[in-house]
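Results of the structural survey
Letter by letter, the chains look like this.
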Amino acid sequence: MKKRTIVIGDIHGGYKALTQLLERVEITTDDTLIFLGDLVDGWSESYEVVEYLLELESTHNCMFIKGNHDLYCEYWLDTGKSNQNWHEHGGAATKIGYIDKTKADKKSHTAFFRRMKYYHIDEEQRLFIHAGFTSLHGPEKEQYESNYIWDRTLLEVAIATDERLAINSPRYPKRLKHFKEIYIGHTPTQGYGSDKPIHAANLWDIDTGAAFKGRLTAMDIDTKETWQSEPVYLLYPKEKGRNKI
Ligand SMILES: [Mn+2]
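Given the structure is predicted, the values throughout are model-derived calculations rather than measurements.

**Re the sheet that holds strand β8 (residues 203-205)**
Ordered by their spatial adjacency, five strands build an open sheet running β4-β5-β6-β8-β7, and the pairing between neighbours is mixed. At either margin of the open sheet sits one strand with a lone partner, and together these are β4 (119-121) and β7 (198-200). Taken over all neighbouring pairs, the strand axes of this sheet differ in orientation by 15° on average, direction set aside. As defined by bridge partners, strand β5 (residues 126-129) adjoins strand β6 (residues 181-184) across three bridges and the pair is classed as parallel. The residue bridging R126 from the neighbouring strand is E181, located in β6.

Set out below in structure tokens:
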């Protein structure tokens, strides 16, 4: 059997969804698991998600791409300072989850967040990045590191790319041409009316809104087979996640 490469979307503290999803994928130690970032913030088990992934990486081939929420959480764990925007967008639940945790726990999680990568390009010229990049010359030439974790224009460009446009057309978006495929999270697909991954041009958005009313998604990037958890809010019936009501 061919070794699988599985991408996993934004988890946002949904530990129950993560374990349910990986059971459905039936992961093995032959698989490579690429997490597209935003492990934390939203549901109450951000701490548990990080603990689980620390354990998982000791037995499985894992790669962790950094998201904006991972950076927020790293900064708070490291400095004790938090930002209001973070607090309002899932950070409050994360802080509560760390109340009874030791300094050593916090230190090991900080180190974990710190070694997450902003992006990865594999040997088949496939890009894995949380949000996007804006340089026409590719992510290596990006002026602002924050775009790796905050950008939404790469997704918009892919969605707006006319399917009839030939790839060698001078009008074809240069940003998309650097890669065979691009895998992102960050922007929930619900905003585009779907609870499944969005495929546009050569880009796939795997963030199916687990922090809100959506599910957590995994995809085998070679076969495009996908798996999903139950809607995550049903696994946390007493919580709101990042939903306003
Ligand atoms: Mn996210």
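**Considerations on the nonpolar core**
Inside soluble globular proteins, nonpolar side chains tend to come together where they are buried. Within the largest apolar cluster, 59 residues are counted, with the highest numbers of intra-cluster contacts made by V7, L36, F128, I129, Y183 and I184. Once you skip the residues sitting within four places of it in the chain, V7 turns out to touch I34, L36, F128, Y183, I206, A218, M219 and I221.

**A look at unusual backbone geometry**
Positioned with a positive phi, D41 is a non-glycine residue whose angle comes to about 80°. Of note, D41 is situated in the loop between β2 (32-35) and α2 (46-56). Under the C-beta neighbour-count criterion, D41 is labelled buried, with 28 such atoms within 10 Å. Even without being a glycine, A201 presents a positive backbone phi close to 50°. Position of A201 relative to the elements: it lies in the loop between β7 and β8.

**A word on the packing of helix α3 (residues 68-79) against helix α5 (residues 103-114)**
Close contact between α3 and α5 brings their axes to 9 Å; oriented N to C, the two are set at 145°. Every pair of crossing elements has a handedness; the one defined by α3 and α5 is left-handed. Residues D70, C73, E74, L77 and D78 of α3 form the contact with α5, whose participating residues are K106, H109, T110, F113 and R114. Along the lines of polarity and charge, the residues of the contact of α3 with α5 split into three nonpolar, two polar and five charged.

**Brief notes about α2**
Taken together, the buried positions of α2 are S46, Y47, V49, V50 and L53. The arc that holds every buried residue of α2, seen down its axis, measures 160°, which confines them to one face. Against the buried residues of α2 lie α1 (15-25), β3 (61-64), α4 (84-97) and α5.

**Some details on the sheet that holds strand β10 (residues 226-228)**
Taken in spatial order, the five strands make up an open sheet running β3-β2-β1-β9-β10, and their pairing is mixed. Every interior strand has two partners, whereas the edge strands, β3 and β10, have only one. Strand-to-strand, the axes of this sheet are offset by a mean angle of 20°, without reference to chain direction. Of the pairings in the sheet, the one linking β2 to β3 comprises four bridges and is parallel in character. Looking at β3, one finds that I34 is bridged to M63. Each of β1 (5-8), β9 (217-220) and β10 is contacted by α1, which is oriented at about 145° to β10, the strand it contacts most.

Calculation rules
Residues numbered from 1 in each chain as written. Predicted model: local features only at pLDDT ≥ 70, side-chain atom pairs only at ≥ 80, totals over all residues. Pairing = 2+ DSSP bridges. Helix = DSSP H or I, 4+ residues; strand = E, 2+ residues; numbered from the N terminus. Axes fitted to C-alpha atoms, helices over the stretch in contact; angles between N-to-C directions. Core = buried A, V, L, I, M, F, W, Y, C linked by C-beta atoms within 7 Å. Buried ≥ 20, exposed ≤ 12 C-beta atoms within 10 Å, placed from the backbone. Contact = placed C-beta atoms within 7 Å. Left-handed = near helix turned anticlockwise from the far one by under 90°. Nonpolar A, V, L, I, M, F, W, Y, C, P; charged D, E, K, R; others polar. Arc of directions from axis to C-beta.

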